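Coordinates in review
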Amino acid sequence: MKILGIETSCDETGVAIYDGKSNSILSERLFSQVNLHAKFGGVIPELSSRDHVLKLLPLINSTIDSSGINEKCIDGISYTAGPGLRGPLLVGAVMAESLAKGWEIPFIGVNHMEAHLLVNLLENASLTFPFLTLLISGGHCLLIKANNIGSYQVLGETLDDAVGEAFDKVARLLGLVYPGGPSIEKLALQGNTGSIKLPRPMTTGKTKNLDFSFSGLKTAVLYALKNESKLTNAFKADLAASFQEAVADTLLIKCKWALEKTKLSQLVIGGGVAANSYIRDRLTHGLKKNKIFFPSLERCTDNGAMIAYTGFCKLMSGSFKDSKIRVRPKWSLSEI
Ligand code: KG4
Ligand code: ZN
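Residues numbered from 1 in each chain as written. Chains lettered and ligands numbered in written order. Predicted model: local features only at pLDDT ≥ 70, side-chain atom pairs only at ≥ 80, totals over all residues. Heavy atoms only, no water.

Considerations on the packing of helix α5 (residues 163-173) against helix α7 (residues 215-226)
Running from amino to carboxyl end, α5 crosses α7 at an angle of 10 degrees, the nearest separation of the two axes being 10 Å. With respect to their mutual orientation, α5 and α7 come out roughly parallel. Contact residues: α5 offers Lys169, Val170 and Leu173, while α7 offers Lys218, Val221, Leu222 and Leu225. Here the residues of the contact of α5 with α7 sort into five nonpolar, no polar and two charged. (Axes fitted to C-alpha atoms, helices over the stretch in contact; angles between N-to-C directions. Helix = DSSP H or I, 4+ residues; strand = E, 2+ residues; numbered from the N terminus. Parallel < 35°, antiparallel > 145°, perpendicular 65-115°, else oblique. Contact = heavy atoms within 4.5 Å. Nonpolar A, V, L, I, M, F, W, Y, C, P; charged D, E, K, R; others polar.)

What follows is the structure, given as structure tokens:
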């Protein structure tokens, strides 16, 4: 079975073809709108929708052209149905439905966060259910027990800002370019971790609560900036390094607690923030006794391959097939 996957939930137009027989991606294309949104310091939904409209069909054509198969060999189409921005989601959904109806093949809307989680199965043959997952992206911060495909238990989530959102907001405070995560990571390389004291939110309670909160950490960065008379580059680098360290420490503590509570030994980390090398290193060293799986860097951030693979898993399970498109800008993994 060969599945065409379409990702348009935010600011990346991603397309890929997954082949179940060879368990591989035959070809894929990605266009990032980062430059389009950079001057606004964040994603403008209307601009994003319009750009997906312009880029999606050429990317689909180019993905098929380079796959070594023609469109008649495609058995199904999957698209991101949510969570995400309504307009951008609709662009992908309408394209998926139009192509599927024209080619007389099934189509299915998949959950973007489930795709971030499942893509690890595509990349790691040794990963097996059940496993713990930490999903850290621009819109989410979730700790999940994955029991099987389609069976997820949310153990903890952010009460306010997502981790990526905190990176983006702190980057803006530091005057860095969007997206904030890679900018902070780069600046932090010149700074000293621990040089500025910052909180590790919700990590001291005896109850070992698995929820997260990052807005206080962001405010602590704001006060550190306000209290500093000379905002030198060296100070900003120290602040970036200290912030990154505080995030990594917080994630590490929560993962330890969740592994303890669930008695699971495998931990999968996914989502855009999982691309951060410092956080990868801290979690890998801090959780040495467990098996930790990170996606490859290009599979951390949004991509079409994770949608194609998730569509394959869903269509293979037989019970999922859509007759009309649906988009769900808010769609929790626990509702799958
Ligand atoms: O998963 P993703 O591509 O899109 C969403 O589903 O949200 O994640 C995007 C988020 C952004 O907030 C971005 O700043 C963050 O991931 N990010 C990073 C890094 N690369 C991307 N955060 C920290 N370090 C990075 N290297
Ligand atoms: Zn994502």
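Now that the structure is up, let's keep going.
Here's the deal with the pairing of strand β7 (residues 141-148)
Judged from the six bridges that link them, strand β6 (residues 131-136) and β7 form a sheet pairing that is antiparallel. Following the sheet pairing, Phe131 is matched in β7 by Ala146. Summarising the sheet, β7 and strand β8 (residues 151-157) pair through six bridges and their orientation is antiparallel. Paired with Leu142 across the strands is Glu157, a residue of β8. In sequence, β7 turns back onto β8 through a hairpin of two residues, with Gly150 there showing a positive phi of about 85 degrees. (Pairing = 2+ DSSP bridges.)

As for helix α3 (residues 86-103)
With 18 residues, α3 ought to run about 26 Å at 1.5 Å a step, and its terminal C-alpha atoms sit 26 Å apart, in line with that. Residues of α3 that are buried: Pro88, Leu89, Val91, Gly92, Ala93, Met95, Ala96, Glu97, Leu99 and Ala100. Check the buried side of α3 and you find it contacts β1 (2-7), α2 (45-65), β4 (76-82) and β5 (107-111). Just downstream of α3, Glu104 is the residue with a positive phi angle, here 55 degrees. (Expected span 1.5 Å × (residues − 1). Buried < 20%, exposed > 50% of the residue type's maximum accessible area, 1.4 Å probe, protein only.)

Re the site of ligand 1
The environment of ligand 1 is formed by 20 residues, the closest being Gly138, Asp168, Glu185, Gly272 and Asn276. Contact between ligand 1 and Gly138: an oxygen atom at 2.8 Å from a main-chain N or O atom of the residue. Gly164 has a polar backbone atom sitting 3.2 Å from an oxygen atom of ligand 1. Alone, ligand 1 offers 560 Å² of accessible surface; in the complex the protein occludes 88% of this. Of all the secondary structure elements, the ones that give two or more residues to the shell around ligand 1 are α4 (112-123), α5 and α6 (180-188). Sort the elements by how many residues they give to the shell around ligand 1 and α6 lands first, with four residues. (Near = heavy atom within 4 Å. Polar contact = N/O pair within 3.5 Å; in protein donor to acceptor, adjacent residues only side chain to side chain. Areas by Shrake-Rupley, 256 points an atom, 1.4 Å probe, with all protein chains shown as cover.)

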